[in-house]
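Understanding the architecture of this molecule
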Amino acid sequence: MENSPTIFIVPTGIGCELGGFAGDALPTAKLLASASGCLITHPNVMNGGTLSEKNKNIFYVEGYSLDRLAKGEIALQRVKQQKIGIIFDSAIEKEILVRHLQVADACVSTLGINVHSYAITKKPLNIVIDSDSSKISGGIIENPDTLIDAGKCLIEKGVTAIAIVAKFPDDPDSLETNIYREGKGIDPIAGVEAVISHLISKFLKVPCAHAPALNPIELNEKLDPRAAAEEIGYTFLPSVLIGLSNAPDIVELPAKNKLISLHPDHIESIVVPNGALGGEAVLAGIEKGLNIISVKNPNTLKVTNEFYSYPNLFEVDNYLEAAGIIIAIKKGINLDSVKRPLKKIQRCS
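All values reported here derive from a predicted model rather than from experimental measurement.

Here the bond from Leu253 into Pro254 is cis, since omega is 0°, no more than 30 degrees from zero. As for its placement among the helices and strands, Pro254 is situated in the loop between strand E11 (249–252) and strand E12 (269–273). Cis geometry marks the peptide bond from Arg340 to Pro341; its omega dihedral reads 5°. Following the sequence through the fold, Pro341 ends up in the segment after helix H10 (319–331). We note that Lys205 has phi near 55°; this positive angle belongs to a residue other than glycine. Positionally, Lys205 belongs in the loop between helix H7 (190–204) and strand E10 (208–213). Classification of Lys205 by relative accessible area gives partly exposed; the value is 38%.

Quick look at the structure:
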């Protein structure tokens, strides 16, 4: 069956109504993967704390590498199994570290995932969160070099994919945290999580994803269902290990004598929230003439359709419509033929 390779983006830390919480875009990813036959998406879409799924039609690609794919700098190669290493922030308390190590053991014993080894950073990462529930989640890492050094150590031991677990400041009663848990704001830590994984992708060029280390927080009976996946376990590491277990290898282009499963020239469409059309992947897609499917998905960004004359921009109300467009593209069906009223063909003058 033919495929229509499609990139699915839900930007991290901008409070998307769908996809701005704990893996709540995963059902949508499964729908779009079924429609396209080949979906490329990022951990923010797939990770649901302790919940996630493998899907043979979905490539799990960290956001920085996803942008590079869209720009034509890398290709992807399917693998049966990654050899995963975990970087632990040295600021993590012993009890929380043990919980995470038990997660790794459970993923090996129960899911058959190859978690090879772990490293602890020589210095604390010192995560600083900069978040405003009405804007965009962000933050910085005060000691990024120690993260890169730990990653290099794992790669020298034969690791092919890296999970990162950083200690995040505990502030369970903060306004931003409670607003997020009740489904009314942005994920306060998502922005700096992206910074962490981007660093590994940029400097080490291996599949990677991040899980925050946090102490358990008090029960909230007003919890929004979209945030519930983050409340049911001690750690967020399971979904990261599941995603990385067979994440595709990064192939630098141009590549000689290397197997490639997905070349960037194969990509046909990008699905992205309306209001988030300014990202690198989308701009690269517009430059290449790809189909840009802009979906109404309220968020804090306002980068809307400035490309009103761009012929391959499709604006839709929901992801069900987006899936329909992808199927039509895959099957070579003229979209105008299923719209009414049906226009007559025009004489060329």
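Turning our eyes to something else, we now look at the domain arrangement of the protein chain. As a measure of interface size, the accessible area lost when the parts come together is often cited. Domain annotation for the protein chain reports domain 1 (1–78 + 253–348) and domain 2 (80–247). Using only C-alpha atoms to locate each centre, domain 1 and domain 2 end up separated by 25 Å. Counting the surface lost from both domain 1 and domain 2, the interface buries some 2500 Å², and carbon and sulfur atoms represent 64% of this. Summed over the three residues of domain 1 that lose the most area to domain 2, namely Phe21, Thr50 and Tyr60, the buried surface amounts to 26% of that side. Inspection of the domain 1/domain 2 interface yields 7 residue pairs in polar contact (both at pLDDT 80 or more). If you tally residues by element for the side of domain 1 that touches domain 2, the top one is helix H3 (residues 63–70), at 4 residues.

About the thresholds
Residues numbered from 1 in each chain as written. Predicted model: local features only at pLDDT ≥ 70, side-chain atom pairs only at ≥ 80, totals over all residues. Heavy atoms only, no water. Helix = DSSP H or I, 4+ residues; strand = E, 2+ residues; numbered from the N terminus. Buried < 20%, exposed > 50% of the residue type's maximum accessible area, 1.4 Å probe, protein only. Domains from an automatic or database assignment. Buried area = accessible area lost by both parts, 1.4 Å probe. Polar contact = N/O pair within 3.5 Å; in protein donor to acceptor, adjacent residues only side chain to side chain.

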